[in-house]
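Residue-level structural notes
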Amino acid sequence: AQSVTQPDIHITVSEGASLELRCNYSYGATPYLFWYVQSPGQGLQLLLKYFSGDTLVQGIKGFEAEFKRSQSSFNLRKPSVHWSDAAEYFCAVAPAGGYNKLIFGAGTRLAVHP
Amino acid sequence: SAVISQKPSRDICQRGTSLTIQCQVDSQVTMMFWYRQQPGQSLTLIATANQGSEATYESGFVIDKFPISRPNLTFSTLTVSNMSPEDSSIYLCSVEEGQGRDNEQFFGPGTRLTVL
């Protein structure tokens, strides 16, 4: 069965520090991959997505993610975290060729210390 | 990008009652989705709602418990029927827009439901 694993439930970083959020997926073929952010009281916002091609994907708010087929991973990174990045981050997959039925990971809650 | 609104934004309901959640989109879309986010957990797809056809439910969700309407291309409702405390969740609707690599799913702000 398809699944998405985000091993870290909570992460705390200092403002200005670098960030990496981990995501592993289990899927028969290379799926479409996404990172969403959910700020308190708000809906989900798409940070970036990978469909094919260049394995390093740039997103909004200074985020990037790298697709590694050999590791079935799609980790999210940011070189310098801002206090406003504190939120919950969800990795998601969808079958290639379709956007239907997004499967979400459990999420990683990011706290940022001043 | 699609702008989605949901009503109500939150509600507190009594066990055994039903609540209908509305989802309004500012553009015409073919596919709308309903998700549930239980406390401290991730999002789970409840059903896909296409205009003019019956909603398609995911495993573990049934029409009697979560009836969905999709009367036109900008509106949908989800009803949570005969509620129990286990139904306490955030319910989100989303829509799909774009083609190919520009395809994207946009989410509403959610409806926070508490069942006593």
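Here we summarise the structure given alongside this text. (Residues numbered from 1 in each chain as written. Chains lettered and ligands numbered in written order. Predicted model: local features only at pLDDT ≥ 70, side-chain atom pairs only at ≥ 80, totals over all residues. Heavy atoms only, no water.)

1. Some points on the environment of B:E54
Turning to its location among the elements, B:E54 is positioned in the loop between β5 (43-50) and β6 (56-57). Between the C-alpha atoms of B:E54 and B:R70, which are 16 residues apart in sequence, the distance is 8.5 Å. (Helix = DSSP H or I, 4+ residues; strand = E, 2+ residues; numbered from the N terminus.)

2. Topic: the sheet that holds strand β7 (residues 68-72) of chain B
All names here are of chain B. Taking strand neighbours across the sheet as the criterion, the 4 strands line up as β1-β3-β8-β7 in an open arrangement whose pairing is antiparallel. The open sheet has two edge strands, β1 (4-7) and β7, and neither has a second partner. Neighbour-to-neighbour, the strand axes of the sheet open up by a mean angle of 15 degrees, direction not taken into account. (Pairing = 2+ DSSP bridges. Axes fitted to C-alpha atoms, helices over the stretch in contact; angles between N-to-C directions.)

3. With respect to the pairing of β1(B)
Residue and element names in this part refer to chain B. Of the two faces of β1, the one holding I4 and Q6 is buried and the one holding S5 and K7 is not buried anywhere. Alignment of β1 against strand β3 (residues 19-25), held across 4 bridges, turns out to be antiparallel. By the bridge assignment, K7 is partnered in β3 with Q22. (Buried < 20%, exposed > 50% of the residue type's maximum accessible area, 1.4 Å probe, protein only.)

4. Description of the interface of chain B and chain A
With 20 residues of chain B at the interface, the matching set in chain A holds 17 residues. The contact between chain B and chain A buries some 1500 Å² in all, and 52% of this surface belongs to carbon and sulfur atoms. Inspection of the chain B/chain A interface yields 0 salt bridges. Counting across the interface, chain B meets chain A through 3 residue pairs in polar contact (both at pLDDT 80 or more). Sorting the residues of the side of chain B that touches chain A by element identifies β4 (31-37), β5, β9 (89-97) and β10 (104-107) of chain B as the ones contributing at least two each. Here the side of chain B that touches chain A takes 4 residues from β4(B), the largest share from any one element. Along the lines of polarity and charge, the residues of the side of chain B that touches chain A split into 8 nonpolar, 7 polar and 5 charged. (Contact = heavy atoms within 4.5 Å. Buried area = accessible area lost by both parts, 1.4 Å probe. Salt bridge = Lys/Arg side-chain N within 4 Å of Asp/Glu carboxyl O. Polar contact = N/O pair within 3.5 Å; in protein donor to acceptor, adjacent residues only side chain to side chain. Nonpolar A, V, L, I, M, F, W, Y, C, P; charged D, E, K, R; others polar.)

5. What about the state of the cysteines?
Counting across every chain of the model gives 2 disulfides over all chains. At a sulfur-sulfur separation of 1.9 Å, the disulfide partner of A:C23 is A:C91. Looking along the S-S bond of the A:C23-A:C91 disulfide, the torsion reads about -65 degrees, which is the left-handed sense. In this pair, A:C23 is assigned in the loop between β3 (19-21) and β4 (24-26) and A:C91 in strand β10 (residues 87-94), connecting sequence segments 68 residues apart. Residue pairing for B:C23: its cysteine sulfur links by disulfide to B:C93, the two sulfurs lying 1.9 Å apart. (Disulfide = S-S within 2.5 Å.)

6. Re unusual backbone geometry
For the bond running from B:K7 to B:P8, omega is -10 degrees, close enough to zero to count as cis. Topologically, B:P8 is positioned in the loop between β1 and β2 (10-13). Within the chain, A:K61 stands out as a residue other than glycine whose phi angle is a positive 60 degrees. Structurally, the position occupied by A:K61 is in the loop between β7 (56-58) and β8 (64-68). Judged by its relative accessible area of 43%, A:K61 falls in the partly exposed class. With a phi angle near 45 degrees, B:N82 is a residue other than glycine that sits in the positive phi range. Assignment of secondary structure puts B:N82 in the loop between β8 (75-80) and β9.

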